[in-house]
Amino acid sequence: MSLTILSCPKIKSLTKLLAFLLVISCICCQKEGNKPSSPESTLTQKIILKVAQNSNINHPYQKGLEKFKEVLEKETKGAIEVQIFPNAQLGNEEQEAVGVKFGIIDATIISSGNLAPFVPEIDLFNLPFIFRNLEHFYRVLDGPVGQWMGRIIEKKLNCIFLGYCSFGIRNTWNSKKPVLSPDDLQGLKIRVMASPILLSTFNTLGAQATTMSWNELYSALQQGVLDGAECSMSDLYLERFYEVTKYVSLTKHLIGAAVLIFSKKRYETLPPAWQTAVLKAGHEAVLSARKAEEEMSAHAFEELKKKGLQFFDVDTQPFRQKALPVYKKYASKLGGMDLINQIINQ
């Protein structure tokens, strides 16, 4: 185990991490029974895989994992059963990533922001305004840069990288006032993902940026601990944040990259044919999640307007200009400006 994994802000001590792993291991063992000890033994035993995601059952992540289950069970003729655990039942995203690393959870979808504490290089994709649109986003992630990043993820988390989907085009929202320029962010307490890039971005823009567990965000907004946050249309709708906020500024500062990963420890116990089935199921899962996110985002936007949220188009150029110091600050840690410009110009 690498000591760097303990630097994740959500895992404050070795004792807490070990306790979490023990609890999840017990839960999973109750669900599964004995694990196969070799690829040969899998041919005579039914295998149960535990896959987890942090959002509710209507989220695009869930649609992706349901496709993973459908394809993998079909390809193995029912010899593998996939059990899906939504709503952070097996921990938050950081804990799910740890579970995959140690082979306690078989697969998960994790956002780039919550992956960054383990794989700092992924923050390359969290640079503000680096992607022009979804077409550009997927062209980069499905191309050489995205595949290079996939190999890094595999090494850092001892996993099999299965592909990218998206957790949407992210906008800024709060309960206090419309944000039409960076100056309007002054003094607003805004929750962002656990990414140093995003923290730096919103602090540079003038907000008081903070991280917080996704599952604690609603109550923090309800109690006035925070003024707002930034997320996709889908999350804004599915998590019912429209009940605790009012103003949505279409900053489109980030297109969120999410990664589907599979435990290498589990993968190596499977016979070659089933390993191939995992790769196929993973590919179809990310495509399904991508489609679900685009459809849900469009639907959510219409529903949120009906809920009374106020939406504001903004000129993003002042935001882009003010965020430039973030590029200068982190470029050397993220492959340099040549790599960043390669992405921008792709």
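To keep things clear, this report deals only with the structure shown in the data block. Just so it is clear, the model here is predicted, and its values are computed rather than measured. (Residues numbered from 1 in each chain as written. Predicted model: local features only at pLDDT ≥ 70, side-chain atom pairs only at ≥ 80, totals over all residues. Heavy atoms only, no water.)

**Let's talk about the overall build of the protein chain**
Across its full length, the protein chain holds 14 helices and nine strands. Looking at the 346 residues of the protein chain, the share that counts as buried comes to 58%. A sequence separation of at least 24 residues applies to 75% of the contacts in the protein chain between residues at least 6 apart. If you sum the accessible surface of the protein chain, you get close to 14400 Å²; carbon and sulfur atoms cover 52% of it. (Helix = DSSP H or I, 4+ residues; strand = E, 2+ residues; numbered from the N terminus. Buried < 20%, exposed > 50% of the residue type's maximum accessible area, 1.4 Å probe, protein only. Contact = heavy atoms within 4.5 Å. Areas by Shrake-Rupley, 256 points an atom, 1.4 Å probe, with all protein chains shown as cover.)

**A short note on helix H2 (residues 60-75)**
A rise of 1.5 Å per residue sets the reference length of H2, with its 16 residues, at 22 Å; its end C-alpha atoms lie 23 Å apart and thus fit the reference within 8%. Turning to H2, its buried residues number three or more, namely Pro-60, Tyr-61, Gln-62, Gly-64, Leu-65, Phe-68, Val-71 and Leu-72. In the segment just after H2, Lys-77 is the residue with positive phi, at about 55 degrees. (Expected span 1.5 Å × (residues − 1).)

**Considerations on the packing of H2 against helix H11 (residues 272-306)**
In the contact formed by H2 and H11, the axes pass within 7 Å of each other and the chain directions differ by 150 degrees. As summarised for this structure, H2 and H11 are arranged roughly antiparallel, according to the angle between their axes. The handedness of the crossing between H2 and H11 comes out as right-handed. Counting all contacts with H2, which are made through Pro-60, Lys-63, Gly-64, Lys-67, Phe-68, Val-71, Leu-72 and Glu-75, the residues of H11 involved are Ala-277, Val-278, Lys-280, Ala-281, Gly-282, Glu-284, Ala-285, Ser-288, Ala-289, Ala-292, Glu-293 and Met-296. Along the lines of polarity and charge, the residues of the contact of H2 with H11 split into 11 nonpolar, three polar and six charged. (Axes fitted to C-alpha atoms, helices over the stretch in contact; angles between N-to-C directions. Parallel < 35°, antiparallel > 145°, perpendicular 65-115°, else oblique. Left-handed = near helix turned anticlockwise from the far one by under 90°. Nonpolar A, V, L, I, M, F, W, Y, C, P; charged D, E, K, R; others polar.)

**With respect to the pattern of salt bridges**
Side chains that differ in charge, positive against negative, can pair when their charged atoms come close. One pass over the full model with this rule turns up 15 salt bridges. Across the pair Arg-151 and Glu-154 runs a salt bridge whose closest N-O atoms are separated by 2.9 Å. Remark: Glu-154 and Arg-151 occur in helix H6 (residues 144-157); sequence separation between them is three residues, near one turn of the helix. When salt bridges with common partners are traced through the structure, they connect Lys-50, Asp-106 and Arg-266 into a single cluster. (Salt bridge = Lys/Arg side-chain N within 4 Å of Asp/Glu carboxyl O.)

**Things to note about empty space enclosed by the protein**
Counted according to the given criterion, the structure contains three cavities of 30 Å³ or more. Put simply, the largest cavity is a space of about 150 Å³. Glu-93, Ser-111, Asn-114, Trp-214 and Asp-235 are, among the 13 residues lining the largest cavity, the residues nearest its centre. Of the residues in the lining of the largest cavity, the class split is four nonpolar, five polar and four charged. What the second largest cavity holds in volume is close to 60 Å³. Residue lining of the second largest cavity: 10 residues in total, with Glu-94, Asn-114, Arg-191, Ser-213 and Trp-214 positioned closest to the centre. Residues belonging to the lining of the second largest cavity are distributed by class as follows: two nonpolar, four polar and four charged. (1 Å grid on protein atoms, 1.4 Å probe; cavity = no way out; pocket = protein on both sides within 12 Å on 5 of 7 lines; lining within 4 Å. Points joined across faces, edges and corners; volume = space filled by probe spheres on them.)

**Topic: the packing of aromatic side chains**
Following the criterion strictly, the structure yields 13 aromatic pairs and no others. Measuring from ring centre to ring centre gives 6.4 Å for Tyr-218 and Phe-241, while their planes differ by 25 degrees; the resulting arrangement is stacked. Placement of the pair is Tyr-218 in helix H8 (residues 217-222) and Phe-241 in the loop between helix H9 (233-238) and strand E8 (247-263), with a sequence separation of 23 residues. Ring pairing ties together the aromatic residues Phe-125, Phe-131, Phe-137, Tyr-138, Phe-161 and Tyr-164, which thus form one cluster. (Phe/Tyr/Trp six-rings, centres within 6.5 Å; stacked < 30°, edge-to-face > 60°.)

**Comments concerning the side chain of Ser-111**
In this fold, Ser-111 is placed in strand E3 (residues 107-111). Given a relative accessible area of 3%, Ser-111 falls into the buried group. Among residues more than four places away in sequence, those in contact with Ser-111 are Tyr-61, Glu-93, Phe-167, Met-193, Ala-257 and Ala-258.

**A short note on helix H3 (residues 93-101)**
The element H3 is extensively covered by neighbouring structure, given that nine of its nine residues are classed as buried. Those residues of H3 lying buried are Glu-93, Glu-94, Gln-95, Glu-96, Ala-97, Val-98, Gly-99, Val-100 and Lys-101. Capping the start of H3 is the job of one residue whose side-chain oxygen sits 3.2 Å from the backbone nitrogen of Glu-94: Asn-92. Looking one or two residues beyond H3, the residue adopting positive phi is Gly-103, at roughly 75 degrees. (Polar contact = N/O pair within 3.5 Å; in protein donor to acceptor, adjacent residues only side chain to side chain.)

**Quick look at the environment of Gln-53**
Topologically, Gln-53 is positioned in the loop between strand E1 (47-52) and H2. C-alpha of Gln-53 to C-alpha of Ile-109: the two residues are 56 residues apart in sequence and 5.8 Å apart in space. Gln-53 has contacts with Tyr-61, Gln-62, Leu-65, Phe-85, Pro-86, Asn-87, Ala-88, Glu-96 and Thr-108, leaving out every residue within four places of it along the chain.

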